[in-house]
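Commentary on secondary and tertiary structure
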Amino acid sequence: MNRGKWRRIVKRWGMAALVAACGICGLISFFRNGKTDSDGNAGIKESIAVFFNHQMEQSYFKLPRYLEESREENSSLLETEQLLARQFLLYAYLFLEGGPVKEQEDPLMAEKISYQEGEDEDIKNIDEEHLDYGEDALHIEGNVLEEMERENSMYHEENPVEEPDTEMEEVQMAQAQEFEAAAYPAYTYDWSEKWDYESIVSNFYAVDNSTMLKEEYADLNKLLYKDLSVNKQSDGPQILIYHTHSREGFADSVPGDPSTTIIGAGDKLAELLQDKYGFQVLHHTEEYDSERDDAYNKSLPAITRILEENPTIEVVIDLHRDAVAGDRKLVMDLQGRPTARFMFFNGLSYGRKSGDITYLENPFIQDNLAFSFQAQVAANEYYPGIARKVYLKAYRFNMHLKPKSMLIELGAQNNTVEEIMNACDPLAHILSIVLDGGM
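The structure displayed is predicted, hence computed values, not measured ones.

1. Things to note about the pattern of salt bridges
For the structure shown, the criterion picks out 13 salt bridges. Ionic pairing is found between arginine 328 and aspartate 132, a salt bridge with its closest N-O pair at 3.0 Å. Remark: aspartate 132 occurs in the loop between helix 6 (107-120) and helix 7 (142-158) and arginine 328 occurs in the loop between strand 4 (315-322) and strand 5 (331-334); sequence separation between them is 196 residues. Between aspartate 367 and lysine 226 there is a salt bridge; the shortest N-O distance is 3.2 Å. Residue aspartate 367 is found in helix 13 (residues 365-382), and its partner lysine 226 is found in the loop between helix 10 (220-224) and strand 2 (239-242); the two are separated by 141 residues along the sequence.

2. Let's talk about the pairing of strand 4
Counting buried positions along strand 4 yields eight of eight residues, so the element is predominantly enclosed. Across four bridges, the pairing between strand 2 and strand 4 is parallel. Across the sheet, the residue bridging to tyrosine 242 is aspartate 318, located in strand 4. As judged from the seven bridges shared by strand 4 and strand 11 (residues 404-412), these two strands associate in the parallel manner.

3. Regarding the packing of aromatic side chains
The tally for this structure, following the rule as stated, stands at 14 aromatic pairs. Measuring from centroid to centroid gives 6.3 Å for tryptophan 191 and phenylalanine 204, while their planes differ by 20°, and the two rings are stacked. You can see tryptophan 191 sitting in the loop between helix 8 (167-176) and helix 9 (197-204) and its partner phenylalanine 204 sitting in helix 9, a full 13 residues away along the chain. Using a relative accessible area of 0% as the deciding quantity, one classes phenylalanine 204 as buried. Within the aromatic cluster, the residues linked to one another by ring pairs are Tyr187, Tyr189, Trp191, Trp195, Phe204 and Phe373. Just above the ring of phenylalanine 279 sits the side chain of lysine 232; from NZ or CZ to the centre is 4.3 Å.

4. A closer look at the nonpolar core
Grouped together as the largest cluster of nonpolar side chains are 69 residues, with contacts concentrated most on Tyr205, Phe342 and Leu410. Among all residues touching phenylalanine 342, those that are not within four sequence positions of it are Ile386, Ala387, Arg388, Ile408, Glu409, Leu410, Gly411, Ala423, Leu427 and Ile430. Of all hydrophobic cores here, the second largest spans 14 residues; its members include Tyr296, Tyr391, Ala394 and Tyr395.

5. Remarks on the sheet that holds strand 2
The strand order across the open sheet built from seven strands is 1-10-7-11-4-2-3, with neighbouring strands paired in mixed fashion. The outermost strands of the open sheet, each flanked by one partner alone, are strand 1 (205-207) and strand 3 (281-283). In this sheet, neighbouring strand axes are inclined to one another by 25° on average, regardless of whether the strands run parallel or antiparallel. Of the strand pairs in this sheet, strand 1 and strand 10 (residues 390-393) are connected by three bridges, and their pairing is parallel. Looking across to strand 10, one finds that alanine 206 is bridged to tyrosine 391. Across the sheet, helix 9 is in contact with strand 1 and strand 10; its angle to strand 1 comes to roughly 90°. Packed onto the sheet, helix 12 (residues 295-309) meets strand 2, strand 3, strand 4 and strand 11 and runs at close to 155° relative to strand 2.

6. Concerning unusual backbone geometry
Phi is positive for glutamine 335, which is not a glycine, with a value near 55°. Checked against the element boundaries, glutamine 335 lands in the loop between strand 5 and strand 6 (337-340). When its relative accessible area of 21% is taken as the criterion, glutamine 335 is described as partly exposed. Even without a glycine there, the phi angle at serine 349 is positive, about 50°. Mapped onto the secondary structure, serine 349 falls in the loop between strand 7 (342-347) and strand 8 (350-351).

7. Let's talk about the confidence of the model for the chain
For the chain, mean pLDDT is 78; residues scoring 70 or higher make up 63% of the total. Taken together, the stretch residues 56-79 has pLDDT below 50 and engages in 35 contacts with residues farther than four places along the chain or on a different chain. Counting contacts from residues 151-156, a segment whose pLDDT is below 50, to residues more than four positions away or on other chains yields seven contacts.

Cut-offs and rules
- Within each chain, residue numbers correspond to sequence positions counted from 1 in written order.
- Whole-chain, interface and lining totals are the exception, using all residues; otherwise, since this is a predicted model, local features are given only for residues with pLDDT of at least 70 and side-chain atom pairs are given and counted only at 80 or more.
- Values reported for side chains reflect all heavy atoms of the structure, with hydrogen atoms and water molecules removed beforehand.
- Think of a salt bridge as a Lys or Arg side-chain nitrogen and an Asp or Glu carboxyl oxygen that are within 4 Å of each other.
- Strands are runs of DSSP state E lasting at least 2 residues, helices are runs of H or I lasting at least 4, and numbering of each runs from the N terminus.
- Accessibility here uses a 1.4 Å probe with only protein chains present; expressed as a share of the type maximum, an area under 20% marks a residue as buried, one over 50% as exposed, and anything in between as partly exposed.
- Strand pairing follows a simple DSSP-based rule, namely that at least 2 bridges must link the two strands.
- Side-chain rings of Phe, Tyr and Trp (the six-membered ring for Trp) are treated as a pair once their centres are within 6.5 Å; stacked means planes under 30 degrees apart, edge-to-face means over 60, and tilted covers the remaining angles.
- In this analysis the charged atom, NZ for Lys or CZ for Arg, is taken to sit over a ring once it is within 6 Å of the ring centre and within 35 degrees of the ring normal.
- Residues belong to one nonpolar core when they are buried, are Ala, Val, Leu, Ile, Met, Phe, Trp, Tyr or Cys, and are joined through side-chain atoms within 4.5 Å.
- We call two residues contacting when some pair of their heavy atoms lies within 4.5 Å.
- For helices, the axis comes from a line fit to the C-alpha atoms of the stretch in contact; other axes are also lines fit to C-alpha atoms, and the angle between any two N-to-C directions lies between 0 and 180 degrees.
- Scored from 0 to 100, pLDDT reflects the predictor's confidence in each residue.

This is the structure in structure tokens:
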């Protein structure tokens, strides 16, 4: 009997048998029990069974779920066959013409997970206070706080706040409160110390309960010493700023006026990066969040096209504003100006329970992390207290398009437009430090 005929015979029964086996493995994993022997330790047979059940669950449990969804979507038998081939290498070799197939991302599953990604951004599986630094944080030690208070006192003594009597005095006061980029750090980290996994995570990251930071990514050499400088001489934009959630506004945003929303903040940030720091910036203001949960799906093709049309772009910034509890206000006094605080944000494409999210692959996770880490260091050193910890979540958030991709949460819904616009000044300076290779 030739191999082709044998394949056709076995294939007729093979798929049903494999699906049945997969379902049985899933059921077994749910009905696992912790039977122990008389010594209180798991018996050898039970231990082996638990181990293999766990492995089967991790590898194959998504198959019956996918098959159920496939019925609802009227998916073809070919789609199911391809999923089986990805899950069972032996099946691919024996039953599919041409032998094993290369693993490919399934569009249906990717779209469903991306929709979950959109829902996820609005949910914090972490206490809000864990996003903020405590008084024992390295970058806001007591002596640093005292120095900041002393400098603020000196600033107010030299620039007392008085009610203006004339329009000219109002203009002069506004000029006196213009932002001045910090010429030197208020605090400097000692990188000669031992920075192990725990110290890096505790001092720089807030890890959402939905995910975890792999130890391989928390390497100081890969985070701090990665060269992130851009070529300012390129013939075209080097930085793209866009908004997955362009409708996000603030406490006193004017309905119908995008200049008072996150788009207005993007305009201000782009202007500063271009006019003050010498970068060429493209600000994309298209709206994608008419259905908020689907915004990442909708924005991805457009941003991909922009990058294809502008190959000089090296940096991609998705600018958002956060949502916090009503009694929390992300604001600080900086040079006598009320200034919104902000947060850098990373997706890890990794679930704490499920592991790597293969349908949201991102080959640039280490680069993304280096970008936010260096920005966080610059913020902590030059403007202590302005940045919350870098927030890590499970999904990808379209940060796979460029190595230097960043999502920024600028203030929150209860900040004023003035506070947001004031925050663009230190944020632009921080980004320029990193992108000029100043770290």
